[in-house]
Amino acid sequence: MEKLNIGIIGLGRVSQIAYLAQLVKNKKINSISICDTNFELLKKISNKYNISKYYSKYQKMLENEDLDLIFLIVNRFFGENLAEKILKHKKKFVLFSEKPFALSLKRANKLVKLAQKKNKTFLVGYMKRCDDGIKILKNEINKLNLGRISSVDYNSFDGNSFDSQEKYIKYNFKKISKKKNTAELKFLNTQCHS
């Protein structure tokens, strides 16, 4: 199999712990290009993972690199607009977006139709489905014979099963005005794992 050229847009905690830490070890990857608007974070990640191809603008990365696969791992408020712009790009690649890839069914359908029209593969990631911690928790719950679990209360914890000892580079993220109510966003971001 030919080695892949990977692009990653968004370098926050999930990108660092769930993606980059593994991708840099993968022998099937030829090169990794990274992109984030936070230049300080971008430089730190570049140094930490020894990545020489880094960009503060995704458009420059798309123009300058021959990417086979792009991971879009950004704040939920930015994902759908970036996905739309990336899908419209002339180059052929696979776009993999973290959840939620849109904040409404209407916008989700629009992105799916755009990907079909542009003949691009557009994947949405729910990496927690494969998380060992979630699998163990489900098995333990099933042993209790409580019946069918229809929902989980995430108010008591953040739904995060990453090892808290995992080291990642923290960053200052700009506050964004919330256009949706908090309960709806919480469901889109966390409850989808349930």
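Scroll up to find the structure.
Structure report, in brief. As the structure is a prediction and not an experimental result, all values here were calculated from the model.

### Thoughts on the pattern of salt bridges
Applying the stated rule across the entire model yields seven salt bridges. For Lys-44, the salt bridge goes to Glu-40, with nearest N and O atoms at 3.2 Å. Of this pair, Lys-44 and Glu-40 both sit in helix α2 (residues 39-49), four residues apart, which is roughly one turn of that helix. Under the relative-accessibility criterion, Glu-40 is labelled exposed at 54%. Through salt bridges with shared partners, one network takes in Glu-80, Glu-84, Lys-88, Arg-107 and Lys-110.

### Points about the side chain of Gln-16
Here Gln-16 is to be found in helix α1 (residues 13-23). Filtering out sequence-adjacent residues up to four positions away, Gln-16 remains in contact with Leu-11, Ala-21, Leu-41, Ile-45, Tyr-49, Tyr-168 and Ile-169.

### Some remarks on the packing of aromatic side chains
Evaluation of the coordinates by the stated rule reveals five aromatic pairs. Seen in terms of ring centroids, Phe-39 and Tyr-54 are 6.4 Å apart; in terms of plane orientation they differ by 55°. Their pairing is tilted. Within this pair, whereas Phe-39 is found in helix α2, its partner Tyr-54 is found in strand β3 (residues 53-55), the two being separated by 15 residues in sequence. Among the residues examined, Tyr-54 registers a relative accessible area of 27% and is labelled partly exposed. Here Phe-71 and Phe-96 contribute two aromatic rings whose centre-to-centre distance is 5.2 Å and whose plane-to-plane angle is 65°, an arrangement assigned as edge-to-face. Of this pair, Phe-71 sits in strand β4 (residues 69-72) while Phe-96 sits in strand β5 (residues 94-98); the two residues are 25 residues apart in sequence, bridging distant segments of the chain. You'll find Phe-71 and Phe-96 in the same group, each marked buried.

### A look at the packing of helix α4 (residues 76-87) against helix α5 (residues 105-117)
What describes two packed helices is the angle between their axes and the distance between those same axes. Contact geometry of α4 with α5 gives a least axis separation of 10 Å together with a crossing angle of 15°. The angle between the axes of α4 and α5 places the two elements in the roughly parallel class. α4 and α5 meet at a crossing whose hand is left-handed. Within the contact between the two elements, α4 uses Glu-80, Asn-81, Ala-83, Glu-84 and Leu-87 and α5 uses Arg-107, Lys-110, Leu-111, Leu-114 and Ala-115. Its residues assigned to classes, the contact of α4 with α5 shows five nonpolar, one polar and four charged.

Calculation notes
- Residues numbered from 1 in each chain as written.
- Predicted model: local features only at pLDDT ≥ 70, side-chain atom pairs only at ≥ 80, totals over all residues.
- Heavy atoms only, no water.
- Salt bridge = Lys/Arg side-chain N within 4 Å of Asp/Glu carboxyl O.
- Helix = DSSP H or I, 4+ residues; strand = E, 2+ residues; numbered from the N terminus.
- Buried < 20%, exposed > 50% of the residue type's maximum accessible area, 1.4 Å probe, protein only.
- Contact = heavy atoms within 4.5 Å.
- Phe/Tyr/Trp six-rings, centres within 6.5 Å; stacked < 30°, edge-to-face > 60°.
- Axes fitted to C-alpha atoms, helices over the stretch in contact; angles between N-to-C directions.
- Parallel < 35°, antiparallel > 145°, perpendicular 65-115°, else oblique.
- Left-handed = near helix turned anticlockwise from the far one by under 90°.
- Nonpolar A, V, L, I, M, F, W, Y, C, P; charged D, E, K, R; others polar.

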